[in-house]
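Residue-level structure breakdown
For reference, the chains in residue letters:
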Amino acid sequence: MRAEDSDVGDIYRASKPSNFSSRWALTGSCISRISRAPRQHVGSLIHVMWIVMMGFTPESSASSSGTHSIKIEGDITLGGLFPVHSRGPAGVPCGEIKKEKGIHRMEAMLYALDQINSDPDLLPNITLGARILDTCSRDTYALEQSLTFVQALIQKDNSDVRCSNGEPPIIPKPERVVGVIGASASSVSIMVANVLRLFAIPQISYASTAPELSDNNRYEFFSRVVPPDSFQAQAMVDIVKAMGWNYVSTLASEGNYGESGVDAFIQISREAGGLCIAQAIKIPREPRPGEFDKIIKRLMETSNARGVIIFANEDDIKRVLEAAKRANLTGHFLFVGSDSWGAKISPILDQEDVAEGAVTILPKRASIDGFDQYFATRSLENNRRNIWFAEFWEDDFKCKLTRPGIRGESGLRKCTGEERISQDSAYEQEGKVQFVIDAVYAMAHALHSMHIDLCPGSMGVCEKMDPVDGRMLLSYIRAVNFNGSAGTSVMFNENGDAPGRYDIFQYQLSNTTSPGYKLIGQWTNHLRLSAEEMQWSGGDKAVPDSVCSFPCESGERKRMVKGVPCCWHCELCDGYQYLLDEFNCDMCPYDMRPTPNRTSCRPTPIIKLEWSSPWAIIPVFLAVLGILATSGVIITFIRFNDTPIVRASGRELSYVLLTGIFLIYLITFLMIAEPGAVVCAFRRLLLGLGMCISYSAMLTKTNRIYRIFEQGKKSVTPPKFISPTSQLIITFILISVQLLGVFIWFGVMPPHTNIDFDELRPPNPEYARGILKCDMSDLSLIGCLSYSMGLMVTCTVYAIKSRGVPETFNEAKPIGFTMYTTCIIWLAFVPIFFGTSQSTEKMFIQTTTLTVSMSLSATVSLGMLYIPKVYVIIFHPEQNVQKRKRSFKAVAQAATVSTHLSQKSNDKQNGETKVEPDRSQ
């Protein structure tokens, strides 16, 4: 029932319960009925009637006339509510007796009253009495019982009530309860608090922890010596986070305690962030068969959420563990239990292996030695004030007391009355005994302070405290601050809540000499947890995981699952991306690549063609051989400069041609050398210059031969520009075109280096490299060689045209063979050079292809034109002699004869044979 539903002034249509008058039965010489109530109490009385009507059930109505309670006389009476019995089956309000939660707690109140009444310094000359009721662990039944506490506050008008003889009835004045100790269950406290609030009766609970009761607007007269579940929920959130869990499920018993506890846990976890709830499952108040198996099955739908936060009663906890064991999930679930589990044995009895590793929480408490001594001395003879003690005695000692007219059950021994608690039966102080004592003392200290202020110097209760004003007493309760039975301070905040102090336990079974609950930490506004003291299923020290998604590996970003902030998929930052933040990848700068763990970028290594590379060794080897051979030819020609062979080969053009060949070999070293401004400049200059010099000289030679023999066919007059000087001028003019183009290139774009990061940028960034190179693209390289290629093609054309010249006259045919071979080499060069443009080793292959092609073309020229001459000069000097000098007329005649022979050869090939007349006749 909510507080706003019980405000006085609301009008309810309610009929009077049939047993209502029995709660205020009038005893005397006659039996009377209450005809009407005073106006000033009409609202309150109607409201109480409505509460009673709403709370009544058939079983509660049937038992109302036979209320059982403990009555202890005193100057001031306190009420007490305890779950002496468990909830009964359908139709029966009460079930079996509860030894610990019922009898121990109730005896703790009696013990506290004895201590207070015997204390000369606390409430001197004032005796505290009590009216103690059994709630039977049922909120509706407790509501009916608690009406006993308010009957003295309801004034009744008996003016028209008369006995049969006309005399007024004798009506005993009901006792006035100034405050109530209890209840135990939060649902019971909520129900009772709504009634006590109407009559301004303060209430102090020793066990109710529902966060709802912290609402001072709805439950202003409610206080408690135990911290609310919101503190407990905060402690449990801290425990879960300390273990590194971020994905858990919750289990709650239906009712205020379970549902409020879980709601508080969920709310705090949302505010704290970083913790997600996989499943929030409610255990029905009356579970059907198979219900707990379904709960385990639901929990396994999110099997990664191994942590289970459980706010449930003992019976539900036990049945959850049983269901987990039936499902063969021992060791899978990691339970974090609330104070309802605490350090109790009963919930885990016979399920210890399933409960192993369970972390439980319990309000910080201590065993009260004085109570142990008190309770151990209780017997049937000295504890007659406890009307339920005989029932406890039978249950505790498993015997049967004999009662007149009642036959004892067979199979049970007869109680002797000589049994002793803790000697003849197992005894362990119930966990909330300390809080019951503290609740009674809190009420006593408040009354003591109130007495000092209102009755200074007065012995006993003065008029100002008769009756005790409930609202004033509440203010004194909220102001108390004393050391409780365990030595810790007892105080209340503005909402009536005690400070949060919890002990944290773990149930340990393996690797321990004494299996059971072990204290592993404390919580007092912040968590202190001894992780080294914890162990899990099988004695494992490593904290198990309870996470939706495991942390992403280095270099992986999180792709969140929509609506579940603790769940994500990990995606690798691929290619040249690095992890910018937890959720995003970004591309590395152009000149960088990601680190191996992809958390940042690092500079891309810069490479060049090394001298030790296989791609460089072969070209260098060929170039060295070529330079040595060329140098040998030049030296030989210089040494035998005036010999006939040297003169006949055209010394001037030969030296020019050999210089070009030398430069062709030399360019190999520039192509492999580390790029720099100077190296790049010489590459531009010499790359095409060597070939240009060689082919310009050869072109001039073939052109001279061609013109001579073509002119000889027409006349005996020699053609122009066939002298050595003319030949050199023509050659240098051709070379100057190449030089002019290069110098224009220098002016337009000065030589410099750049680093090409695109050429070696494979999918795997580990193999990415920046290539240091000159600013010569493939196109500019071909452009640099294009003029030389044109000279080469032109020279080849002239060589073809001059193929008919007799070899005794000149070296036209060796030049022709040289040009044919050179063309073949360069035709092979083109597909190799451009076909490797997509290769990861493009630079190396192209550089090697270019240098080898140039070296081969130079070698062909050297071998075809000069090696035979050198061979004759060195090894056959007898052939290096002056031959008869031919005039241009002889050359013309030879050209004419050669032409006629060529025509005859062509005629025979065409199948035509022309018979010439014999001109000699």
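The rules we used
- Residues numbered from 1 in each chain as written.
- Predicted model: local features only at pLDDT ≥ 70, side-chain atom pairs only at ≥ 80, totals over all residues.
- Heavy atoms only, no water.
- Helix = DSSP H or I, 4+ residues; strand = E, 2+ residues; numbered from the N terminus.
- Buried < 20%, exposed > 50% of the residue type's maximum accessible area, 1.4 Å probe, protein only.
- Contact = heavy atoms within 4.5 Å.
- Areas by Shrake-Rupley, 256 points an atom, 1.4 Å probe, with all protein chains shown as cover.
- Pairing = 2+ DSSP bridges.
- Right-handed = clockwise from strand over helix to strand, strands pointing away.
- Axes fitted to C-alpha atoms, helices over the stretch in contact; angles between N-to-C directions.
- Core = buried A, V, L, I, M, F, W, Y, C linked by side-chain atoms within 4.5 Å.
- Patch = residues over 30% accessible without salt bridge, like charges linked within 9 Å, V, L, I, M, F, W, Y side chains within 5 Å.
- Salt bridge = Lys/Arg side-chain N within 4 Å of Asp/Glu carboxyl O.
- Disulfide = S-S within 2.5 Å.
- 1 Å grid on protein atoms, 1.4 Å probe; cavity = no way out; pocket = protein on both sides within 12 Å on 5 of 7 lines; lining within 4 Å.
- Points joined across faces, edges and corners; volume = space filled by probe spheres on them.
- Nonpolar A, V, L, I, M, F, W, Y, C, P; charged D, E, K, R; others polar.
- Parallel < 35°, antiparallel > 145°, perpendicular 65-115°, else oblique.
- Left-handed = near helix turned anticlockwise from the far one by under 90°.
- Lys, Arg positive; Asp, Glu negative; His and termini not counted.
- Polar contact = N/O pair within 3.5 Å; in protein donor to acceptor, adjacent residues only side chain to side chain.
- pLDDT = per-residue confidence, 0-100.

Focus: the overall build of the protein chain
A tally of regular secondary structure across the protein chain gives 25 helices and 29 strands. Within the protein chain, the fraction of its 921 residues that count as buried is 50%. Across the protein chain, contacts joining residues at least 24 apart in sequence account for 70% of those joining residues at least 6 apart. Just so you have it, the protein chain exposes about 43300 Å², and 55% of that area is on carbon and sulfur atoms.

Considerations on the pairing of strand β11 (residues 307–311)
The buried count for β11 comes to five of five residues, which makes it a mostly enclosed element. Direction of pairing for strand β9 (residues 247–253) relative to β11: parallel, over a ladder of five bridges. The residue of β11 that forms the bridge with A252 is F311. Bridging between β11 and strand β12 (residues 334–337) involves four bridges; their strand directions are parallel. Bridge pairing links I310 to G337 in β12. In this fold, β11 hands off to helix α10 (residues 314–326), which returns the chain to β12; that crossover is right-handed.

Regarding the sheet that holds strand β1 (residues 69–72)
By definition, the strands of a sheet pair up through backbone hydrogen bonds, in either a parallel or an antiparallel sense. Sheet architecture is open: six strands sit in the order β1-β5-β2-β6-β7-β8, paired in mixed fashion. Two strands bound the open sheet, and with one partner strand each, they are β1 and β8 (222–224). Adjacent strand axes in the sheet meet at a mean angle of 20 degrees when their direction is disregarded. Note that strand β7 (residues 203–205) and β8 share three bridges and pair parallel. The residue bridging Q203 from the neighbouring strand is F222, located in β8. Across the face of the sheet, helix α4 (residues 99–117) comes into contact with β1, β2 (76–82), β5 (128–134) and β6 (177–181) while running at roughly 175 degrees to β5.

Side note on the nonpolar core
M109, L128, L447, M465 and L473 are the most contacted members of the largest nonpolar core, which totals 68 residues. Top element by residues in this core is helix α14 (residues 433–454). It accounts for 14 residues. Residues within four places of L473 in sequence aside, it is in contact with V178, P202, M443, A446, L447, M450 and V468.

Re a nonpolar patch on the surface
On the surface, a cluster of nonpolar side chains totalling about 380 Å² of accessible area is made up of F621, V624, L625 and L628. For L628, the location among the structural elements is in helix α16 (residues 614–639). For L628, a relative accessible area of 56% translates into the label exposed.

A short note on the sheet that holds strand β18 (residues 502–508)
Reading across from one edge, β10-β9-β11-β12-β13-β18-β19-β20 is the order of the eight strands in this open sheet, with mixed pairing throughout. Sheet topology places β10 (276–283) and β20 (527–529) at the edges, where each strand pairs with a single neighbour. With direction set aside, neighbouring strand axes in the sheet form an average angle of 25 degrees. Taken together, the five bridges between strand β13 (residues 359–363) and β18 define a ladder with antiparallel strand orientation. Counted as the bridge partner of V359 is Q506 from β18. With respect to the sheet, helix α7 (residues 229–242) is in contact with β9, β11, β12, β13, β18, β19 (516–523) and β20, its orientation differing from that of β11 by roughly 170 degrees. Along the sheet, helix α9 (residues 291–299) contacts β9, β10 and β11; its crossing angle with β10, the most-contacted strand, is approximately 175 degrees.

Considerations on the state of the cysteines
In protein structure, a disulfide is the covalent linkage between the sulfur atoms of two cysteines. Applying the stated criterion across every chain, the model contains nine disulfides. There is a disulfide in this structure between C548 and C567, and the S-S distance comes to 1.7 Å. Because the torsion about its S-S bond is 115 degrees, the bridge between C548 and C567 counts as right-handed. Remark: C567 occurs in strand β22 (residues 564–572) and C548 occurs in the loop between β20 and β21 (556–561); sequence separation between them is 19 residues. In terms of burial, C548 and C567 fall into one category: buried. C784 supplies the cysteine sulfur nearest to C692, a cysteine that is in no disulfide, at a spacing of 9.8 Å. Using a relative accessible area of 0% as the deciding quantity, one classes C692 as buried.

Re empty space enclosed by the protein
In this structure the tally under the stated criterion is one cavity of 30 Å³ or more. Of the pockets and cavities examined, the largest cavity occupies roughly 140 Å³. Surrounding the largest cavity, 14 residues form its lining, V225, F435, T488, S489 and R501 being those nearest its centre. Among the secondary structure elements, those contributing two or more residues to the lining of the largest cavity are α14 and β17 (489–491). Classifying every residue of the lining of the largest cavity gives eight nonpolar, three polar and three charged.

Structural notes on unusual backbone geometry
Looking along the chain, the bond that leaves G182 and enters A183 is cis, with omega of 0 degrees. Of note, A183 is situated in the loop between β6 and α6 (186–198). Going from D466 to P467, the amide bond is cis rather than trans, its omega being 5 degrees. Considering the arrangement of structural elements, one finds P467 in the loop between α14 and α15 (470–478). Even without glycine at this site, K398 takes up a positive phi of about 50 degrees. Here K398 lies in the loop between α13 (389–397) and β14 (399–400).

A word on the packing of α14 against α15
Across the interface, α14 lies against α15 with an axial gap of 8 Å and an inter-helix angle of 115 degrees. Here α15 runs roughly perpendicular to α14, going by the angle between their axes. Considering the relative orientation of α14 and α15, their crossing is right-handed. Residues M443, A446, L447, S449, M450, D453 and L454 of α14 form the contact with α15, whose participating residues are M472, L473, Y476 and I477. In the contact of α14 with α15, the residues fall into nine nonpolar, one polar and one charged.

With respect to the side chain of K432
Mapped onto the elements of the fold, K432 is located in the loop between β15 (413–414) and α14. Buried within the structure, K432 lacks any salt-bridge partner; D339 is the closest side chain of opposite charge, at an N-O distance of 4.1 Å.

Examining the environment of L412
You can see L412 is positioned in the loop between β14 and β15. For L412 and C399, which are 13 residues apart along the polypeptide, the C-alpha to C-alpha distance reads 5.4 Å.

Concerning α15
Buried within α15 are the following residues: G470, L473, L474, Y476, I477 and R478. Packing partners of the buried residues in α15 comprise β6, β7, β8 and α14. For α15, the N-terminal cap is D469; the gap from its side-chain oxygen to the backbone nitrogen of R471 is 3.2 Å.

Some thoughts on the confidence of the model for the protein chain
Here the protein chain shows a mean pLDDT of 82. Residues at 70 or above account for 84%. Mean pLDDT per element in the protein chain: helix α1 (residues 20–23) is the minimum at 34, and β7 is the maximum at 97. Below pLDDT 50 for its whole length, residues 1–67 participates in 113 contacts with residues either more than four positions away or in separate chains. Confidence drops under pLDDT 50 across residues 905–921; counting only partners more than four residues distant or on other chains, this segment forms one contact.

Let's talk about the environment of D75
You can see D75 is positioned in the loop between β1 and β2. In sequence terms D75 and L128 are 53 residues apart; their C-alpha atoms lie 5.9 Å from each other. Not counting chain neighbours up to four residues away, the residues in contact with D75 comprise N125, I126, T127 and V461.

Here's the deal with the pattern of salt bridges
As enumerated under the stated definition, the model contains 29 salt bridges in all. Measuring nitrogen to oxygen at the nearest pair gives 3.2 Å for the salt bridge that ties R471 to E220. Taken together, the residues R471 in helix α15 and E220 in the loop between β7 and β8 connect sequence positions 251 residues apart. Residue R224 is joined to D497 by a salt bridge in which the shortest nitrogen-to-oxygen separation is 2.8 Å. Of this pair, R224 sits in strand β8 while D497 sits in the loop between β17 and β18, and the two are 273 residues apart along the sequence. In terms of burial, R224 and D497 fall into one category: buried.

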